[in-house]
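Overview (structure and organization)
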Amino acid sequence: MGADIVFHSTTKYINGHSDIVGGVLVTKDQSLGEELAWWANCIGITGSAFDSFLALRGLKTLPLRIKQHQENAEQVAEFLKNHSAIDALYFPGLKEHPGHDIAKKQQVVLVLC
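Everything in this summary refers to the structure shown in the same document. For clarity, every value in this text was computed on a predicted model and none was experimentally measured.

**Some words on the overall build of the chain**
- Helices and strands together make up the secondary structure of the chain, namely 5 helices and 2 strands.
- Secondary structure elements of the chain occur, N-terminal to C-terminal, as β-α-β-α-α-α-α.
- Computed over C-alpha atoms, the radius of gyration of the chain comes to 19 Å, more than 25% over the 13 Å expected from 2.2 N^0.38 for 113 residues, which places it beyond the range of a compact globule.
- Overall, the C-alpha framework of the chain stretches about 55 × 30 × 30 Å when taken along its three principal axes.
- A burial count over the chain gives 15% of its 113 residues as buried.
- A separation threshold of at least 6 residues defines the contact pool for the chain, and within that pool the share at least 24 residues apart is 43%.
- Element-wise, carbon and sulfur atoms account for 60% of the exposed surface of the chain, whose accessible area totals about 9000 Å².
- Of the charged side chains in the chain, 10 are positive and 12 negative, and the gap between their average positions amounts to 7 Å.

**Some thoughts on a nonpolar patch on the surface**
- Together, Trp38, Trp39, Ile43 and Ile45 line one region of the surface with nonpolar side chains, adding up to about 500 Å² of accessible area.
- Structurally, the position occupied by Trp38 is in helix 2 (residues 30-43).

**Comments concerning the side chain of Arg65**
- Within the secondary structure, Arg65 is located in helix 4 (residues 62-81).
- No salt bridge forms around the buried Arg65; measuring N to O, its nearest opposite-charge neighbour Asp19 is 9.7 Å away.

**Some points on helix 2**
- Look at helix 2: 20 Å from first C-alpha to last across 14 residues, which is about the 20 Å you get at 1.5 Å a residue.
- Within two residues after helix 2, Gly44 carries a phi angle of roughly 80°, on the positive side.

**A look at helix 3 (residues 49-59)**
- Turning to helix 3, its buried residues number three or more, namely Leu54, Ala55 and Gly58. Within helix 3, the buried residues cover an arc of 100° as seen down the axis, which keeps them to one side. Along helix 3, exposed side chains directed more than 90 degrees from the buried face belong to Ala49 and Leu56.
- Where helix 3 is buried, its residues meet helix 1 (10-14) and helix 4.

Rules and cut-offs
Residues numbered from 1 in each chain as written. Predicted model: local features only at pLDDT ≥ 70, side-chain atom pairs only at ≥ 80, totals over all residues. Heavy atoms only, no water. Helix = DSSP H or I, 4+ residues; strand = E, 2+ residues; numbered from the N terminus. Rg over C-alpha atoms; globule rule 2.2 N^0.38 Å. Buried < 20%, exposed > 50% of the residue type's maximum accessible area, 1.4 Å probe, protein only. Contact = heavy atoms within 4.5 Å. Areas by Shrake-Rupley, 256 points an atom, 1.4 Å probe, with all protein chains shown as cover. Lys, Arg positive; Asp, Glu negative; His and termini not counted. Charge placed at Lys NZ, Arg CZ, Asp CG, Glu CD. Patch = residues over 30% accessible without salt bridge, like charges linked within 9 Å, V, L, I, M, F, W, Y side chains within 5 Å. Salt bridge = Lys/Arg side-chain N within 4 Å of Asp/Glu carboxyl O. Expected span 1.5 Å × (residues − 1). Arc of directions from axis to C-beta.

Structure representation (structure tokens):
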């Protein structure tokens, strides 16, 4: 979507087990990525080989976990939209939400299985 640098936390969604603390930077420009990699190595903020192994282990189950997150969110939204204690529900996953079409284009879930 045009970003020069994107940061992802490997601690929660990527890893899925909360047994590492880390992150990853993804760059649009290879030379910027190489410069950031140099600085990360130079100042010692790179993860260990075992941390990388744990992140890759969690990455294998990411599509299944994201799919389950989506299904759970839809079920909760369906329950809440007609609940008497709820005055308004703002969830673009619902087809009747005014921003549903935009959300559908922007919030694509990739299934890597």
